[in-house]
Amino acid sequence: QVQLVESGGGLVQPGGSLRLSCAASGRTFSSSVMGWFRQAPGKEREFVGAITRNGGNTYYADSVKGRFTISRDNAKNTVYLQMNGLKPEDTAVYYCAAKTRGYAINTGPINYDYWGQGTQVTVSS
């Protein structure tokens, strides 16, 4: 069992930065691939990026590549999403998710077993 709690969302101007955190409880964090997803009103949940269990590899959606960075600290059971160069189209509820089966990064939400409650990110002037 893994419980995930996101924090760090808020209102930011275009071009600004935010860092989201996702704190996990449970013994399986360090053995889980961790992903970030987002969902805007009226749209499906979409993959943002993910990081492998030891943090050695990351993968990003094309829409955020070069602007967003995922990292993790297994000693603190926390995964981060650093978002730079934010755009209005980045406005969404952001979710972290844990994939406890297998070690590969997957982009489909169905592959992730545990989800946080989400944190709102609004990019607006």
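See the structure above.
In this text the structure is predicted, and so the values were computed from the model without any measurement. (Residues numbered from 1 in each chain as written. Predicted model: local features only at pLDDT ≥ 70, side-chain atom pairs only at ≥ 80, totals over all residues. Heavy atoms only, no water.)

Another point: the sheet that holds strand β8 (residues 78-83). Across the sheet, which stays open at both edges, the four strands sit in the order β1-β3-β8-β7 with antiparallel pairing between neighbours. In this open sheet, the two edge strands, each paired with only one partner strand, are β1 (3-7) and β7 (68-73). Across the sheet, the mean angle from the axis of one strand to that of its neighbour is 15 degrees, orientation sign disregarded. Bridge count for β1 against strand β3 (residues 18-25) is five bridges, and the pairing is antiparallel. Bridging from a neighbouring strand, Q3 pairs with S25 of β3. (Pairing = 2+ DSSP bridges. Helix = DSSP H or I, 4+ residues; strand = E, 2+ residues; numbered from the N terminus. Axes fitted to C-alpha atoms, helices over the stretch in contact; angles between N-to-C directions.)

All right, on to the side chain of T119 then. Mapped onto the fold, T119 is located in strand β11 (residues 119-123). Residue T119 is classed as buried on the basis of its relative accessible area of 11%. At 3.3 Å, the side chain of T119 forms a polar contact with the backbone nitrogen of G9. Filtering out sequence-adjacent residues up to four positions away, T119 remains in contact with E6, S7, G8, G9, L20, A92, V93 and Y94. (Buried < 20%, exposed > 50% of the residue type's maximum accessible area, 1.4 Å probe, protein only. Polar contact = N/O pair within 3.5 Å; in protein donor to acceptor, adjacent residues only side chain to side chain. Contact = heavy atoms within 4.5 Å.)

Ranked by internal contacts, the top residues of the largest apolar core, which has 33 residues, are W36, L81, M83 and Y94. For this core, the elements supplying multiple residues, two or more each, are β3, β4 (33-39), β5 (46-51), β7, β8, β9 (92-99) and β11. A total of five residues in this core trace back to one element, the largest contributor, which is β9. Apart from residues lying up to four places away in sequence, L81 is in contact with L18, R19, L20, W36, V48, F68, T69, I70 and Y94. (Core = buried A, V, L, I, M, F, W, Y, C linked by side-chain atoms within 4.5 Å.)

For the structure shown, the criterion picks out five salt bridges. When the shortest N-O distance is used, the salt bridge between E46 and R38 registers 2.6 Å. The exposure class of E46 is partly exposed, given its relative accessible area of 34%. The exposure class assigned to R38 is buried, which follows from its relative accessible area of 6%. As a salt-bridge pair, D90 and R38 come within 2.9 Å of each other at their nearest N and O atoms. Of the two residues, D90 sits in the loop between β8 and β9 while R38 sits in strand β4, which places them 52 residues apart along the sequence. Overlapping salt bridges, with partners in common, bring together R38, E46, R67 and D90 in one network. (Salt bridge = Lys/Arg side-chain N within 4 Å of Asp/Glu carboxyl O.)

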